[in-house]
Amino acid sequence: MEGESIKKFNKGKPFHGSKDISNGKLTGTTDTDYFYFFCPKCSDRQILQILDFGIVNEWPVEYAKKDRLKAKKDFTIVFELYCSKCKLHDFVKVSNVGWQGGKLKDSPILKNRGTKD
Ligand SMILES: [Zn+2]
């Protein structure tokens, strides 16, 4: 049940990402088809462990239906990240609702903050 996984994730504590991973500081890449996050505090692309994940929301497409005709559902997934080297412990979300296209420099959130990459 998705409701149960939300309650269990992070033992019910808040899971918003910090400023350490915000505003472009968290990056990553793939080797084969697996994606790896790099620690924003360590050098040389130190790989972060993914300790856990949670489904924040998952439901039939409601967000911007006309612009997202190929979307199968609306969802947001949160990942709990950890660096075994510097002990960074943080969270990042991946979602298919909200901003869905264009260039990062045009992000409505970054523009509202007055931040550029
Ligand atoms: Zn680190």
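Caption draft 1: Molecular detail of the nonpolar core. Of all hydrophobic cores here, the largest spans six residues; its members are F37, C39, L48, V78, L81 and F91. Ignoring any residue separated from it by four or fewer positions in sequence, one finds F91 in contact with F15, H16, G17, V78, F79, E80 and L81.

Caption draft 2: Region of the structure containing unusual backbone geometry. Unlike most non-glycine residues, N23 shows phi in positive territory, near 55°. Inspection of the secondary structure puts N23 in the loop between α1 (2-8) and β1 (27-30). Phi at R45 is positive, roughly 55°, even though this residue is not glycine. The exposure class of R45 is exposed, given the 12 C-beta atoms found within 10 Å.

Caption draft 3: Broad picture of the environment of V97. With respect to the element layout, V97 can be found in the loop between β5 (89-95) and α2 (108-113). With 19 residues separating them along the chain, V97 and V78 place their C-alpha atoms 13 Å apart. Here V97 is in contact with Y63, D74 and T76, once residues within four sequence places are set aside.

Caption draft 4: The arrangement of the sheet that holds strand β3 (residues 49-59) in detail. Taken in spatial order, the three strands line up as β3-β4-β5 in an open sheet, and their pairing is antiparallel. Pairing within the sheet leaves two strands with one partner each, and these edge strands are β3 and β5. Direction aside, neighbouring strands of the sheet carry axes that sit 20° apart on average.

Caption draft 5: The pairing of strand β2 (residues 35-38), seen in detail. Here β1 pairs with β2 via four bridges, running antiparallel. Following the sheet pairing, G28 is matched in β2 by F37. What sits between β1 and β2 in their antiparallel hairpin is a turn of four residues.

Caption draft 6: Representation of the pairing of strand β4 (residues 74-82) within the structure. Bridge count for β3 against β4 is nine bridges, and the pairing is antiparallel. Pairing of I55 across the sheet is with I77, part of β4. Here seven bridges tie β4 to β5, and the two strands are oriented antiparallel to one another. If you follow F79 over to β5, its bridge partner there is V92. Counting the residues in the hairpin turn of β4 and β5 gives six residues, including K87, whose phi is positive at 70°.

Reading guide: rules and limits
- Within each chain, residues carry numbers counting from 1 in the order of the written sequence.
- Reporting of local features is limited, given that this is a predicted model, to residues whose pLDDT is at least 70; pairs of side-chain atoms are given and counted only at 80 or more, and all residues count toward the totals for whole chains, interfaces and linings.
- A set of buried Ala, Val, Leu, Ile, Met, Phe, Trp, Tyr and Cys residues, joined to one another through C-beta atoms within 7 Å, is what we call a nonpolar core.
- Three classes are used. A residue is buried when 20 or more other C-beta atoms lie within 10 Å of its own, exposed when 12 or fewer do, and partly exposed in between, with C-beta atoms placed from the backbone.
- In this description, any two residues whose backbone-derived C-beta atoms lie within 7 Å of each other are considered to be in contact.
- Put simply, DSSP H or I for four residues or longer makes a helix, DSSP E for two residues or longer makes a strand, and each gets a number counted from the N terminus.
- Between any two strands, at least two bridges found by DSSP are needed for them to pair.
- Axis definition: a line fitted to C-alpha atoms, limited for helices to the stretch in contact. Angles are taken between N-to-C directions and run from 0 to 180 degrees.

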